[in-house]
Amino acid sequence: MKKLIQILILLLTVTSTAYSATINQVVSLVLKNNPEIKKAREETKITLAQYKEAVSKFFPTVKLEYLKAHLSDVPTYSIAIPGFPPMSFAWFERNFYTFKVSATQPIFMGGKLILNKEIRKKIHDASFYQFEEVVNKVVCQTKKDFYTAVEAKNAVLIAEKYLKAAKSHYRTVKAFYDEGIVARRDLLEAQVNLKEAEESLEKAKNAYKVALEKLKEDTAYTLKNADVPEKINSVVVKGSLEKFIKLALENRPILKALKMEKKAAKEGVKMSYASFSPNVFLNLTYEKTNQYPMNENFDDVQVAVGVTFPLFEGGYRFFRIEEAKGMKRKVDFDYEKAVNAVKLQVTAAYSKLQTAKRRIETAKTMVKEAEELLRDSKERYKEHVGTSTEVVDAIAYLTKARGILNSAVADYNRAVADLEYAVGKKLNN
């Protein structure tokens, strides 16, 4: 349980610093409400119970029996003595009770008890790593959905700026048109631009609503607009692809789980061979009954050492050996497949990260140039040396540049979340 708490605390450390509290709240809600995590947690509890059950088999089995019986007929013994009438004696009482307490302690089981305990322990450890894998996967998806919501919120803000710029330009063109300075074409162009800006804002708001609904599905909680920040400080991830692959092979929970399953399968093969060994047990019994008429309440204590050795059981033990060996081979194949899948995940996330990083730098330059272009276009139009089309194009270009930057930052954060999930640990600055 202490290890579980440490993992959950680690998972609350996310790729944001300025707004970490908000993401922490979202992750906390996911850890509390997500059904997939709840299911994985229950599976861990089940394997723990199975391990405890395996340990309990080392202790003696104590049974208490009480029998109350009525016989329709009982055997009798007759004696004929000359000079006396015949006499008959019953061997058993027609109505009797039997009270028995017995305890059986296994002494030697060919290692089956020890091997079963070790198998259950490794399966429980594997289930814990599988739980950790599920938590990492769900938290990763939640982070990505959160970054998508941030992206969608920023898209709304960008669309609002687009609409504001379009309205400002329309007012300028309208004033010039009323004074007869510009042609009607400029006014119509400004009106079309304004309509496009209004539609863009409506689409952005709808996309934002969808993003919030996805977060609600993740957390079972309705996030308000104020809960979603406008900006997130991204983690600067440094390191080579080879470094992250090495980290993944060392830290990924699913690989740790499969390693435990491999060990359990190996012990399973040993256990299948142990079924050929004899079983030795100690039995202690106390019995009391009034079944025998001449002895009234008869009681006795029995101490016995029993040995059982299976000679023939239809050959199922040989099939169990083949089954155990096949299971071991299957787990080995699963581990190899998982290693390749993890390497692929790391490679894909790392590639997305590098692509997003380059896009961010390009987009920043685009935004800076677009802002300068819009200022120049507005000034030129006011001085009547530029056209309305130039202003409209500059507004659209700036909006597009801001959108590209917003998307690139979100893609970068989502790539970091994917890389952290693929590696299996938090990536530091």
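The rules behind the values
Residues numbered from 1 in each chain as written. Predicted model: local features only at pLDDT ≥ 70, side-chain atom pairs only at ≥ 80, totals over all residues. Heavy atoms only, no water. Helix = DSSP H or I, 4+ residues; strand = E, 2+ residues; numbered from the N terminus. Rg over C-alpha atoms; globule rule 2.2 N^0.38 Å. Buried < 20%, exposed > 50% of the residue type's maximum accessible area, 1.4 Å probe, protein only. Areas by Shrake-Rupley, 256 points an atom, 1.4 Å probe, with all protein chains shown as cover. Lys, Arg positive; Asp, Glu negative; His and termini not counted. Charge placed at Lys NZ, Arg CZ, Asp CG, Glu CD. Salt bridge = Lys/Arg side-chain N within 4 Å of Asp/Glu carboxyl O. Patch = residues over 30% accessible without salt bridge, like charges linked within 9 Å, V, L, I, M, F, W, Y side chains within 5 Å. Pairing = 2+ DSSP bridges. Core = buried A, V, L, I, M, F, W, Y, C linked by side-chain atoms within 4.5 Å. Phe/Tyr/Trp six-rings, centres within 6.5 Å; stacked < 30°, edge-to-face > 60°. Lys NZ or Arg CZ within 6 Å of the ring centre and 35° of its normal. Polar contact = N/O pair within 3.5 Å; in protein donor to acceptor, adjacent residues only side chain to side chain. Contact = heavy atoms within 4.5 Å. Axes fitted to C-alpha atoms, helices over the stretch in contact; angles between N-to-C directions. pLDDT = per-residue confidence, 0-100.

### Some thoughts on the overall build of the protein chain
Inference 1: The helix and strand tally for the protein chain stands at nine helices and six strands.
Inference 2: A compact globule built from 429 residues would reach a C-alpha radius of gyration of about 22 Å, whereas the protein chain, at 39 Å, exceeds it by more than 25%.
Inference 3: For the protein chain, the spread of C-alpha atoms along the three principal axes comes to 155 × 45 × 35 Å.
Inference 4: Buried positions account for 39% of the 429 residues belonging to the protein chain.
Inference 5: Carbon and sulfur atoms provide 58% of the accessible area of the protein chain, an area that totals close to 24900 Å².
Inference 6: On the protein chain, the mean spot of the 71 positive side-chain charges and the mean spot of the 53 negative ones are 4 Å from each other.

### Brief notes about the pattern of salt bridges
Inference 1: Under the counting rule described, the total for this entry stands at 19 salt bridges.
Inference 2: Between Glu 118 and Lys 117 there is a salt bridge; the shortest N-O distance is 2.9 Å.
Inference 3: Members of the salt-bridge network, linked through shared partners, are Glu 151, Arg 359, Asp 411 and Arg 414.

### Focus: a negative patch on the surface
Inference 1: On the surface, Glu 369, Glu 372, Asp 376, Glu 379 and Glu 383 cluster together to form a negatively charged patch.
Inference 2: Mapped onto the secondary structure, Glu 369 falls in helix H8 (residues 316-382).

### As for the environment of Ile 254
Inference 1: Its location among the elements puts Ile 254 in helix H7 (residues 253-274).
Inference 2: Accessibility expressed as a relative area gives 23% for Ile 254, which makes it partly exposed.
Inference 3: Separated by 58 residues in the primary sequence, Ile 254 and Phe 312 have C-alpha atoms spaced 41 Å apart.

### A short note on the pairing of strand E1 (residues 61-70)
Each regular strand displays side chains that alternate between the two surfaces of the sheet.
Inference 1: The buried fraction of E1 is low, at one of 10 residues.
Inference 2: Examined bridge by bridge, E1 and strand E4 (residues 95-108) share 10 bridges and lie antiparallel to one another. By the bridge assignment for E4, Thr 61 is matched with Thr 104.

### Describing the nonpolar core
Inference 1: Ranked by size, the top nonpolar core spans 52 residues in total, and within it Ile 37 and Phe 146 carry the most contacts.
Inference 2: Looking at this core, the elements that each hand over two or more residues are helix H2 (20-33), helix H3 (35-56), helix H4 (112-178), helix H5 (184-219), H8 and helix H9 (388-423).
Inference 3: Considering every element that reaches this core, the biggest residue donor is H4, with 19 residues.
Inference 4: Counting 26 residues, the second-largest nonpolar core is a separate cluster that includes Val 235, Val 237, Ile 245 and Ala 422.

### Quick word on a nonpolar patch on the surface
Inference 1: Where nonpolar side chains cluster on the molecular surface, the patch consists of Ile 107, Phe 108, Leu 282, Leu 284, Val 301, Val 303, Val 305 and Val 307 and spans about 770 Å² of accessible area.
Inference 2: Within the residue set of the nonpolar patch, elements represented by two or more residues are E4, strand E5 (279-289) and strand E6 (298-308).
Inference 3: Top contributing element to the nonpolar patch by residue count: E6, with four residues.
Inference 4: Its place among the elements puts Val 303 in strand E6.

### A word on the packing of aromatic side chains
Inference 1: Inspection of every chain in the model, using the stated rule, returns six aromatic pairs.
Inference 2: Relative to Tyr 129, the ring of Phe 128 has its centre 6.2 Å away and its plane inclined at 70°; by these criteria the two rings are edge-to-face. For the pair Phe 128 and Tyr 129, a shared accessibility class is recorded, and that class is buried.
Inference 3: For Lys 262, the ring lying beneath its charged end belongs to Tyr 335, and the centroid distance is 4.7 Å.

### Looking at unusual backbone geometry
The general pattern is negative phi for most residues beyond glycine and trans for most peptide bonds.
Inference 1: A positive phi angle, near 65°, is found at His 384, a position not held by glycine.
Inference 2: Relative to the helices and strands, His 384 resides in the loop between H8 and H9.

### Considering the side chain of Glu 133
Inference 1: With respect to the helices and strands, the residue Glu 133 is situated in helix H4.
Inference 2: Side chain to side chain, Glu 133 and Arg 252 meet in a polar contact 2.8 Å long.
Inference 3: Residues contacting Glu 133, with those up to four places away along its chain left out, are Arg 252, Pro 253, Ile 254 and Tyr 421.

### Re the sheet that holds E6
Inference 1: If you walk across this open sheet you meet the four strands as E1-E4-E5-E6, and the pairing is antiparallel. At either end of the open sheet lies a strand with only one pairing partner, and these are E1 and E6. Each neighbouring strand pair of the sheet contributes to a mean axis angle of 15°, computed without reference to strand direction.
Inference 2: Sheet analysis places E5 next to E6, joined by 11 bridges and oriented antiparallel. When the bridges of E6 are listed, Tyr 286 appears paired with Val 301.

### What to know about the confidence of the model for the protein chain
Inference 1: With 93% of its residues at a pLDDT of 70 or more, the protein chain has an overall mean of 86.
Inference 2: Ignoring residues within four places in sequence, the model shows residues 1-21, a span with pLDDT below 50, making 40 contacts including any to other chains.

### Overview of the pairing of E5
Inference 1: Examined bridge by bridge, E4 and E5 share 10 bridges and lie antiparallel to one another. The partner of Thr 104 across the bridge, within E5, is Asn 283.

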